[in-house]
Amino acid sequence: LRPDLPTYRNEYAASLPGGRRYAEAVAVLSALEPDHEGRVLLVIAHSGNGDWRSAEREARLLTQVRPDDPAAQALLADVFNGKGDFRQAQAIYEKLLKSGGNDPRVAVQLANASLWAKNYDDALARFQAVLDSHPDPGSVLRQFPQMRKGFVNAAASVFPPARDHTIVGPMVQISWLADSLVTIELALILELPTPARLYILGKLRAAFPHHDAPIVR
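Residues numbered from 1 in each chain as written. Predicted model: local features only at pLDDT ≥ 70, side-chain atom pairs only at ≥ 80, totals over all residues. Heavy atoms only, no water.

Peer 1: Would you mind going over the nonpolar core with me for this structure?
Peer 2: Among soluble globular proteins, nonpolar side chains are generally buried collectively. Ranked by size, the top nonpolar core spans 17 residues in total, and within it V43, I92 and Y93 carry the most contacts. Looking at this core, the elements that each hand over two or more residues are α4 (52–65), α5 (70–83), α6 (86–98) and α7 (104–116). When residues in this core are grouped by element, the largest group, 7 residues, is from α5. Beyond its immediate sequence surroundings of up to four residues, V43 is in contact with A55, E58, A59, L62, L75 and V79. Of all hydrophobic cores here, the second largest spans 14 residues; its members include V108, A123, F144 and F151. (Core = buried A, V, L, I, M, F, W, Y, C linked by side-chain atoms within 4.5 Å. Buried < 20%, exposed > 50% of the residue type's maximum accessible area, 1.4 Å probe, protein only. Helix = DSSP H or I, 4+ residues; strand = E, 2+ residues; numbered from the N terminus. Contact = heavy atoms within 4.5 Å.)

Peer 1: Is there a simple way to think about α7 in this case?
Peer 2: Spacing of three or four residues puts side chains on the same side of an α-helix, whose turn is 3.6 residues. A rise of 1.5 Å per residue sets the reference length of α7, with its 13 residues, at 18 Å; its end C-alpha atoms lie 18 Å apart and thus fit the reference within 8%. Extensive coverage of α7 is indicated by the burial of 11 of its 13 residues. Among the residues making up α7, those that are buried are P104, V106, A107, V108, Q109, L110, A111, N112, A113, S114 and L115. The N-cap residue of α7 is D103: its side-chain oxygen and the backbone nitrogen of R105 are 3.0 Å apart. Just downstream of α7, K118 is the residue with a positive phi angle, here 70°. (Expected span 1.5 Å × (residues − 1). Polar contact = N/O pair within 3.5 Å; in protein donor to acceptor, adjacent residues only side chain to side chain.)

Peer 1: Whenever I open this one, the pattern of salt bridges confuses me. Can you help?
Peer 2: A side chain of one charge can pair with a side chain of the opposite charge if their charged atoms are brought near each other. Scanning all chains against the criterion turns up 9 salt bridges. Note that E58 and R57 form a salt bridge whose closest N and O atoms lie 3.3 Å from each other. Assessed through its relative accessible area of 44%, R57 is described here as partly exposed. In this structure, the salt-bridge partner of R126 is D122, at a minimum N-O distance of 2.8 Å. Pair noted here: R126 and D122 are both in helix α8 (residues 120–132), with a separation of 4 residues, about one helical turn. (Salt bridge = Lys/Arg side-chain N within 4 Å of Asp/Glu carboxyl O.)

Peer 1: What is the right way to look at a nonpolar patch on the surface in this model?
Peer 2: Residues V168, V172, I174, W176, L186, L188, L190, L192, L198 and I200 make up a contiguous nonpolar surface patch of about 820 Å² in total accessible area. The set of elements that each furnish at least two residues to the nonpolar patch consists of β2 (171–176), β3 (182–192) and β4 (197–206). Counting residues per element, the nonpolar patch draws most heavily on β3, at 4 residues. Within the fold, L186 resides in strand β3. The class for L186 is partly exposed, based on a relative accessible area of 33%. (Patch = residues over 30% accessible without salt bridge, like charges linked within 9 Å, V, L, I, M, F, W, Y side chains within 5 Å. Areas by Shrake-Rupley, 256 points an atom, 1.4 Å probe, with all protein chains shown as cover.)

Pasting the structure below:
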């Protein structure tokens, strides 16, 4: 091992969090002035060690050096999420998404921020929006398996367990015209007996023709 070379130091430090050796990783990375990759690893190590103040300091240094780097901004937002400052985390995630970023991880973390802030309705809507924005929702769930738990936790908070209460939620999908040009997905959620509550959820999808790519010939 050549501790004077950032490449070797970073490679060694990156192997330590897998064994929950966060403090050791911090010591290795802090021995000399870290490069960009080393500082990213330092943020991760401080976060794993529960030292959110140090993690935020290092993450802010990354954004100062590379203010236009979405990855650095997202890492700072992750730190805010970890320390419980959900408002600041959400502000950064939303800014990244509005700037044209299409990283699904940012959208998932934004939904998590709403969940952890106990904004359960917003969390459900954001998790659903992540799935709706991808043609293959299953691939998103495989890439981010924690979304399933987020869905369950948010839904359980919207409909908390209660003795002698029943939730009924029939769902239906209706398609019109050839190749499902118009599709409606509708769910009715009924909570009984009292207080009786009815929720109607759904979405409409329509395929619009283009002269270069006609839907029907």
